[in-house]
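Read off the chains here:
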Amino acid sequence: GAGVSQTPSNKVTEKGKYVELRCDPISGHTALYWYRQSLGQGPEFLIYFQGTGAADDSGLPNDRFFAVRPEGSVSTLKIQRTERGDSAVYLCASSLRQGYNEQFFGPGTRLTVL
Amino acid sequence: GQQVMQIPQYQHVQEGEDFTTYCNSSTTLSNIQWYKQRPGGHPVFLIQLVKSGEVKKQKRLTFQFGEAKKNSSLHITATQTTDVGTYFCAGVSGATNKLIFGTGTLLAVQP
């Protein structure tokens, strides 16, 4: 079946602009995660959704970052007033349900802030 | 905050040699997972360990979870060129479901 999909695959923007990154999880997966990965490092947790609600947003670096999952499926990560330091690959993952911990990752969105 | 470290950062082996990466957490983990990320790819789940002292095998890969549930290791026997990539451990702590990824070990295999 279809895996986790993310769009766009690449996004180039200018400093100060607003961006939205989309994640479409595996159908039926109730848990959804966002991570950020910089070159040469492991993925860094940002936020976790169980259904429509953000169960843990402790990884969001500041209030410029926000994520939603209004219908419990597709999620959008929103970054306001982008900075060069936001450049990274943003990974989305989903898992079947809370407590079932195997996570399936999408291909990521490479964000470049000029 | 919680930290997960891995050593070595990089390992270069000849095809057929063995390889081991070690993972250490600053806190006790409820479980630990291992992921493999090929160059340019995304992390792919390999295995999850839950019990203290647990050992699991997948063909040439052997995974171990320490008695104190703070460390883990991945051992690959007789490496092949298809084993190339970065191996990450990822810890789950307490009631959260978030993964705290280790720093990763990049494995290069020379044919």
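Please refer to the structure placed before this passage.
I will try to describe carefully the structure that is included in this document.

Cut-offs applied
Residues numbered from 1 in each chain as written. Chains lettered and ligands numbered in written order. Predicted model: local features only at pLDDT ≥ 70, side-chain atom pairs only at ≥ 80, totals over all residues. Heavy atoms only, no water. Pairing = 2+ DSSP bridges. Helix = DSSP H or I, 4+ residues; strand = E, 2+ residues; numbered from the N terminus. Axes fitted to C-alpha atoms, helices over the stretch in contact; angles between N-to-C directions. Buried < 20%, exposed > 50% of the residue type's maximum accessible area, 1.4 Å probe, protein only. Salt bridge = Lys/Arg side-chain N within 4 Å of Asp/Glu carboxyl O. Contact = heavy atoms within 4.5 Å. Polar contact = N/O pair within 3.5 Å; in protein donor to acceptor, adjacent residues only side chain to side chain.

Let's talk about the sheet that holds strand E1 (residues 4-7) of chain B
All names here are of chain B.
Okay, step 1: In spatial order, the strands read E1-E3-E8-E7-E6; together these five strands make up an open sheet with antiparallel pairing. One side of each edge strand has no neighbouring strand; the edge strands of this open sheet are E1 and strand E6 (55-58). Averaged over all pairs of adjacent strands, the angle between strand axes in this sheet comes to 15°, irrespective of strand direction.
Okay, step 2: Where strand E3 (residues 19-25) meets strand E8 (residues 71-76), six bridges bridge the pair, whose relative direction is antiparallel. Bridge pairing links cysteine 23 to serine 72 in E8.

Here we look at the environment of serine 30 of chain B
Residues and elements named next belong to chain B.
Okay, step 1: Here serine 30 is to be found in the loop between E3 and strand E4 (31-37).
Okay, step 2: A relative accessible area of 27% means that serine 30 is categorised as partly exposed.
Okay, step 3: Through-space distance from the C-alpha of serine 30 to that of valine 44 is 20 Å; in sequence the pair is 14 residues apart.

Here we look at the pattern of salt bridges
Residue and element names in this part refer to chain A.
Okay, step 1: In the structure shown here, the tally under the stated rule is seven salt bridges over all chains.
Okay, step 2: Here arginine 64 makes a salt bridge to aspartate 86, at a shortest N to O gap of 2.8 Å. With a gap of 22 residues between them, arginine 64 in the loop between strand E6 (53-56) and strand E7 (65-68) and aspartate 86 in the loop between strand E8 (75-79) and strand E9 (88-95) connect regions that are remote in the sequence.
Okay, step 3: Through salt bridges with shared partners, one network takes in Arg64, Glu83 and Asp86.

Re the interface of chain A and chain B
Okay, step 1: Contacts between the two partners involve 20 residues from chain A, matched on the other side by 16 residues from chain B.
Okay, step 2: Summed over the shared surface of chain A and chain B, the number is one salt bridge.
Okay, step 3: With a closest N to O distance of 3.7 Å, aspartate 56 of chain A and lysine 98 of chain B form a salt bridge.
Okay, step 4: If you look at where chain A meets chain B, you find five residue pairs in polar contact (both at pLDDT 80 or more).
Okay, step 5: Broken down by secondary-structure element, the contributors of at least two residues to the side of chain A that touches chain B are strand E4 (31-37) and strand E5 (44-50) of chain A.
Okay, step 6: No other element matches the three residues that E4 of chain A contributes to the side of chain A that touches chain B.

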